[in-house]
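Structural description and commentary
Chain by chain, the residues:
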Amino acid sequence: MYTTDLSGKNKAEAVSEDAAKVAAFEARVANDEFIEPKDWMPEAYRKTLIRQISQHAHSEIVGMLPEGNWITRAPNLRRKAILLAKVQDEGGHGLYLYAAAETLGVSRDEMTEALLSGKAKYSTIFNYPTLTWADIGAIGWLVDGAAIMNQVPLQRTSYGPYARAMVRICKEESFHQRQGYEIMMHLAQGTPEQKRMAQDAIDRWWWPSLMMFGPPDDKSPNTEQSMRWRIKRETNDELRQKFVDITVPQAHAIGLSVPDPALKWNEARGAHDFGEVDWEEFYAVVRGEGPVAKERMQARQKAWDDGAWVREAARVHAEKRASAKIAAE
Amino acid sequence: MSLTIYAQRLGDDSLILGQRLSEWCGHAPAIEVDLSLANVALDLIGQASHFLGLAGAIEGKGRDADALAFRRDVMDFTNCLLVEQPNGDFAQTIARQFLFSHYQVLFLERLAAAQDERFAAIAAKALKEVSYHATLASDWVVRLGDGTDESKARMIAGLDWMWRFADELFVMDDVDAAAITAGAGVDKAALRPAWDQRIDAVLADAGLVRPAARRATLGGRTGRHSEHLGHLLSEMQFLQRAYPGATW
């Protein structure tokens, strides 16, 4: 769901590495070859990928919470089933992303602990609350729409397992995006209360969605190296612009306004000019100061703690059965 | 009339259990468990749509599955008491699923062979789903019963909570009798020995014994529910109640 690196700068760890190996690696990447788990890779590349993929996986898992908040209140059986299937898809994405990160030598438990301790980040967007049913539409349309923008280029990212996971994820995300827009379209054509709900949702989710692309290029410390390694293929600002250009006409088509007074079509650029994102808010949310950051982490911590005895029972049972089988042979 | 109620009971069982299971989404002990519970919930909500849709069609008053799901009050819900029980911990959820899914397998096997093709078709599709639910729940009963002292104690407590609601699954009344006459019914009482056998076999594998017999708590089929159902409905029906006449 979210792939922009939120962490600090990479340490220059490549210095002690064999220059010939580094050069061969860089040549392969420049040649658009996939790097596979058993291939040699610079330590900084491995670390950057672990951080990015695990952050992406955490975002999928934490991202189940804001939408999960409405499964039990979905307005009809069809919407309930679709939403449940969608949130389940996000869980599945989390699972294959964790598996992709595990190929780089980190365990799922380690990644989970990093999330729960606050060491690992997840998308800022999930630290905003889902207040009405229209938020489910807005998340599908805007948040998954922004995620697709980020993720389509990642299908060609240089690390093979990540690229392959993204191919599958992108297919499902585009279904999510359509179902979100369909919810919004339905509300926008509905009763005055439903229209109000839809407009209120875009008013609250628009700017946080633009923040999903990460800091502006001149303040994105890792972009240059990630682009060179083809972990990333387009810059934050390029992707943000693309998102605005695609989404604004969609909003207007269903009679919703975009909450940005500076938004204007620029004929010369062939693109929309738009206002400045509140970067102070963005950095605060990255620091864990988002409106419902505490609730999100509390929910993940509780699921992890409450589930500990279940995971332990499953492990002990598997061991008992395995040793009984050995004894019987 | 009674065939409407009959279809409605089947829909209500699936709907209420599906709603309960969906409460777990995003909060389960592991991602794999989260996905499997969501799968079961999805199957049940699908079954509910079919059975409630059929109930509305038989009734012929223009109510569809959503009207039945979202605009009836507690006294008109006809699900068994077992499915409305709170999730509790994971063991309690599994205990509920275990008792219900084994019943549902046996029930739907018979219903799939019913003369009334409308019921038989829904049952045949649902049967594949619930066979998986029964296996999933049984596997967890064994894991938890056989796992650690804590998981065993929790599994025993979960079964103990749910046990008083098991008898209701097999109670026959006029609605069931009329459904049998109409070619859509199942003799539920006759399913009990096979159900006992399946439950006992899994419990034995789990190193557990069946809870002591106790007085059955009944009433769900005639709208006499536990206190839990009203809260479940107030959450589930919120939007339809708050915005009457709106479509979504």
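Residues numbered from 1 in each chain as written. Chains lettered and ligands numbered in written order. Predicted model: local features only at pLDDT ≥ 70, side-chain atom pairs only at ≥ 80, totals over all residues. Heavy atoms only, no water.

Observations regarding the packing of aromatic side chains
How two aromatic rings sit relative to each other is given by the distance of their centres and the angle of their planes. For the structure shown, the criterion picks out 20 aromatic pairs over all chains. On the basis of an interplanar angle of 55 degrees and a centroid distance of 5.5 Å, the ring pair of A:Trp141 and A:Tyr181 is categorised as tilted. Note that A:Trp141 is positioned in helix α6 (residues 134-151) and A:Tyr181 in helix α7 (residues 160-188), a separation of 40 residues in sequence. For A:Trp141, a relative accessible area of 1% puts it in the buried group. For the pair B:Tyr103 and B:Phe107, a centre-to-centre distance of 5.7 Å together with 40 degrees between the ring planes defines the contact as tilted. Taken together, the residues B:Tyr103 and B:Phe107, both in helix α5 (residues 90-111) and 4 residues apart, mark about one turn of the helix. The pair formed by B:Tyr103 and B:Phe107 is uniform in burial state, with each residue classed as buried. An aromatic cluster of three or more residues is present, and its members are B:Phe100, B:Tyr103, B:Phe107, B:Trp163, B:Phe170 and B:Trp195. The ring of A:Trp70 carries A:Arg73 above its face, with NZ or CZ at 3.7 Å from the centroid. Between the NZ or CZ atom of B:Arg164 and the centre of the ring of B:Trp161, over which it lies, the distance is 4.8 Å. (Phe/Tyr/Trp six-rings, centres within 6.5 Å; stacked < 30°, edge-to-face > 60°. Helix = DSSP H or I, 4+ residues; strand = E, 2+ residues; numbered from the N terminus. Buried < 20%, exposed > 50% of the residue type's maximum accessible area, 1.4 Å probe, protein only. Lys NZ or Arg CZ within 6 Å of the ring centre and 35° of its normal.)

A short note on the interface of chain B and chain A
As a measure of interface size, the accessible area lost when the parts come together is often cited. In this assembly, 47 residues from chain B lie in contact with 44 residues from chain A. The junction of chain B with chain A conceals about 3900 Å² of combined surface from both sides, 68% of it contributed by carbon and sulfur atoms. On inspection of chain B and its partner chain A, the count reaches 3 salt bridges. We note a salt bridge from B:Glu32 to A:Arg108, for which the minimum N-O separation is 2.4 Å. At the boundary of chain B and chain A, one finds 17 residue pairs in polar contact (both at pLDDT 80 or more). Of all the elements, helix α2 (residues 31-59) of chain B adds the most residues to the side of chain B that touches chain A, at 10 residues. (Contact = heavy atoms within 4.5 Å. Buried area = accessible area lost by both parts, 1.4 Å probe. Salt bridge = Lys/Arg side-chain N within 4 Å of Asp/Glu carboxyl O. Polar contact = N/O pair within 3.5 Å; in protein donor to acceptor, adjacent residues only side chain to side chain.)

Some points on the pattern of salt bridges
Residues and elements named next belong to chain B. A complete count under the given rule lists 41 salt bridges over all chains for this structure. With its nearest N and O atoms 2.9 Å apart, the salt bridge here joins Glu150 to Arg154. In this pair, Glu150 and Arg154 are both assigned in helix α7 (residues 149-163), 4 residues apart and thus about one turn of the helix distant. Residue Glu150 is classed as partly exposed on the basis of its relative accessible area, which comes to 40%. A salt bridge links Asp167 to Arg192, with the shortest nitrogen-to-oxygen separation between them at 2.7 Å. With a gap of 25 residues between them, Asp167 in the loop between α7 and α8 (174-181) and Arg192 in helix α9 (residues 192-205) connect regions that are remote in the sequence.

Side note on the environment of B:Ala206
Residues and elements named next belong to chain B. You can see Ala206 is positioned in the loop between α9 and α10 (227-236). Note on Ala206: relative accessible area 3%, which makes it buried. The spacing of Ala206 and Gly145 is 61 residues in sequence and 4.8 Å in space, taken between C-alpha atoms.

Some words on helix α8 (residues 192-211) of chain A
Helix length check: α8(A) (20 residues) gives 30 Å between terminal C-alpha atoms against 28 Å at 1.5 Å per residue, within 8%. Taking the largest bend as the criterion, α8(A) deviates by roughly 35 degrees, centred on A:Trp205, and proline A:Pro208 comes between one and four positions later. (Expected span 1.5 Å × (residues − 1). Bend = angle between axes of the 7 residues up to and from the residue.)

Some points on the side chain of B:Gln47
Residue and element names in this part refer to chain B. Within the element layout of this structure, Gln47 appears in helix α2. Only 3.0 Å separates the side chain of Gln47 from the side chain of Gln104, close enough to count as a polar contact. Gln47 has contacts with Ser14, Gln104, Ala126, Glu129, Val130 and His133, leaving out every residue within four places of it along the chain.

Things to note about the confidence of the model for chain A
Confidence in the prediction of chain A, expressed as mean pLDDT, is 93, and 95% of residues score 70 or more. With pLDDT under 50 throughout, residues 8-14 of chain A is counted as low confidence; its partners more than four residues away or in other chains account for 11 contacts. (pLDDT = per-residue confidence, 0-100.)

Focus: the nonpolar core
With 178 residues, the main nonpolar core has A:Trp133, A:Trp206, B:Tyr6, B:Phe90, B:Leu111 and B:Phe119 as its most contacted residues. The element contributing the most residues to this core is α2(B), with 15 residues. Sequence-distant contacts of A:Trp206, defined by excluding residues within four places in its chain, comprise A:Leu142, A:Phe243, A:Val244, A:Thr247, A:Val248, A:Val258, A:Pro259 and A:Asp260. (Core = buried A, V, L, I, M, F, W, Y, C linked by side-chain atoms within 4.5 Å.)

Remarks on the side chain of A:Glu234
Residue and element names in this part refer to chain A. Of note, Glu234 is situated in the loop between α9 (223-228) and α10 (236-253). Side chain to side chain, Glu234 and Lys242 meet in a polar contact 3.1 Å long. Each residue touching Glu234, except ones within four places of it in the same chain, is listed here: Pro153, Met227, Leu239 and Lys242.

Considering the confidence of the model for chain B
Per-residue confidence for chain B averages 98 on the pLDDT scale, and 100% of its residues sit at or above 70. This complex was scored by the predictor with a pTM of 0.95 and an ipTM of 0.97.

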